[in-house]
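Analysis of the macromolecular model
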Amino acid sequence: MWAMIATWRMALEGVEEAGQLLKEGKGSGEAIEHAIRCVEDFPFFKSVGYGGLPNEEMVVELDAGYMDGNTMAVGAVAGIKDFANPISIAKELSKDTVNCVLVAEGAEKYASKKGFERKNLLTDRAKQLYRKRVKEIKERELKPYDGHDTVGEVVLDCTGRIVAGTSTSGLFMKRAGRIGDSPIVGGGFYADSEVGGATATGLGEDLMKGCISYEIVRKMKEGLTPQEACQKTVNELDAKLKKSRGLAGDLSVVAMDKNGNYGCATNIQNFSFVVYRENEEPTVYRAQNIDGNTIISKATQEWIDEYIRERMAPIQE
Ligand code: SD4
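Summarised in this report is the structure supplied together with it. (Residues numbered from 1 in each chain as written. Predicted model: local features only at pLDDT ≥ 70, side-chain atom pairs only at ≥ 80, totals over all residues. Heavy atoms only, no water.)

1. Things to note about helix H5 (residues 124-140)
Heads up, the condition is: Starting at the N terminus, helices and strands are each numbered in turn, a helix being any DSSP run of H or I of at least four residues and a strand any DSSP run of E of at least two. Expected span of a helix, by definition, is 1.5 Å for each gap between consecutive residues, and there is one gap fewer than residues. Two residues qualify as a contact provided that any one of their heavy atoms is within 4.5 Å of a heavy atom in the partner residue.
For H5, spanning 17 residues, the distance from its first C-alpha to its last is 24 Å, which sits close to the expected 24 Å at 1.5 Å a residue. On its buried face, H5 is in contact with helix H9 (301-312).

Structure follows, in structure tokens:
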């Protein structure tokens, strides 16, 4: 059987296309790369790839990670500029046994040498949102960070190979050079074909403190279901952060085991994710934290459409 799970409703169209590839017997590596590239290429998703929101210097810096659960191969890029599809670069890097995680100019040089497509990623819309945010910060003392939308996916193919991958422009208005959990193995993503895979979205600074994706896979290995592993891991990290610092950032995770069972947990009110499995329709779910439990419901078509309408609506500056 094949199956896949992905963070946020924005993953839907890519997941649908990748499901076709899996149906044709293609591998999970090819499928995840295709699914994530769809999100990277869509200009209205403002937290991934082209159209991603810039850092405080109005420069778009991207992070991506990839792991193959058969071989434990990992590739990642961080703080990379001017390349359209960081997931493909991360995947390519995973083929090497050394130099698999590259940052900034080193990553750009590598990508250039390998012939990856260069692209100016800063859209007019992203510039508009940047200017708007600068104004809001002055007027209302907003924190640079709010909301999160990294795409993270776990894919199981018919041969049993599980891969995990992420791609993000990170936090809007982040400091130049800042990276989050998304390119960090065990933080933003983890895959072990003998067990399952997990991926995270939210405040990278907090997600990585819990090595959250690794921790979920570790718990599944101990026998917890993906849902139990996700919930327990989010609750433990959320509680630990609150106990030690008085607050916890946004933590949202999805996971899938080697049999295609999935789980999701969040400490926020408006997370969403997509599941597509053999013999099932691709489905968007909404997830909400209520008193330490993640309540999951199927999204209505109206909500699914509204999500896109909202992202494509004109910006009032
Ligand atoms: C990060 N986890 O860079 C990412 C943020 C995220 O959309 O999920 N952003 O910390």
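2. Section: the nonpolar core
Definition in use: Among buried residues, the Ala, Val, Leu, Ile, Met, Phe, Trp, Tyr and Cys ones that are joined through side-chain atoms within 4.5 Å form a nonpolar core. Three labels apply to residues, based on accessible area from a 1.4 Å probe with only protein chains included: buried if under 20% of the type maximum, exposed if over 50%, partly exposed otherwise in between.
If you look at the biggest cluster of nonpolar residues, it comprises 88 residues, and the most contacted ones within it are Ile216 and Phe273. Look past the residues within four positions of isoleucine 216 in its chain and what remains in contact with it is Ala198, Ala229, Cys230, Thr233, Val253 and Ala255.

3. Some words on H9
Put simply, the rule is: To obtain the arc, one takes the directions from the helix axis to the C-beta atoms.
In this model, H9 (twelve residues) spans 17 Å end to end at C-alpha, consistent with the 16 Å of a helix rising 1.5 Å per residue. Residues Ile304, Tyr307, Ile308 and Arg311 constitute the buried set of H9. Here the buried residues of H9 occupy an arc of 85 degrees about the axis, which is enough to place them on one side. For H9, the exposed residues set more than 90 degrees away from the buried face come down to Glu302 and Glu310. Buried residues along H9 sit against helix H1 (12-23), H5, strand E11 (271-277) and strand E12 (283-290).

4. Structural notes on the packing of H1 against helix H2 (residues 28-41)
To be explicit about the condition: In this description, a line fitted to the C-alpha atoms serves as the axis of each element, helices being fitted only across the stretch in contact, and the angle between N-to-C directions of two axes falls anywhere from 0 to 180 degrees. Under this scheme an angle from 65 to 115 degrees is roughly perpendicular, one under 35 degrees roughly parallel, and one over 145 degrees roughly antiparallel; angles in between are oblique. In this scheme, a crossing is called left-handed if the near helix is turned counterclockwise away from the far one by less than a right angle; it is called right-handed if the turn is clockwise. All residues other than Ala, Val, Leu, Ile, Met, Phe, Trp, Tyr, Cys, Pro, Asp, Glu, Lys and Arg, Gly among them, are scored as polar; the first ten of these are nonpolar and the last four charged.
Relative to each other, H1 and H2 sit at 160 degrees, their axes nearing to 8 Å. As far as their axial angle goes, H2 and H1 are roughly antiparallel. When you trace H1 past H2, the crossing you get is right-handed. Between H1 and H2, the residues in contact are Gly14, Val15, Glu17, Ala18, Leu21 and Leu22 and Ser28, Glu30, Ala31, His34, Ala35 and Cys38, respectively. For the contact of H1 with H2, the per-class residue count stands at seven nonpolar, three polar and two charged.

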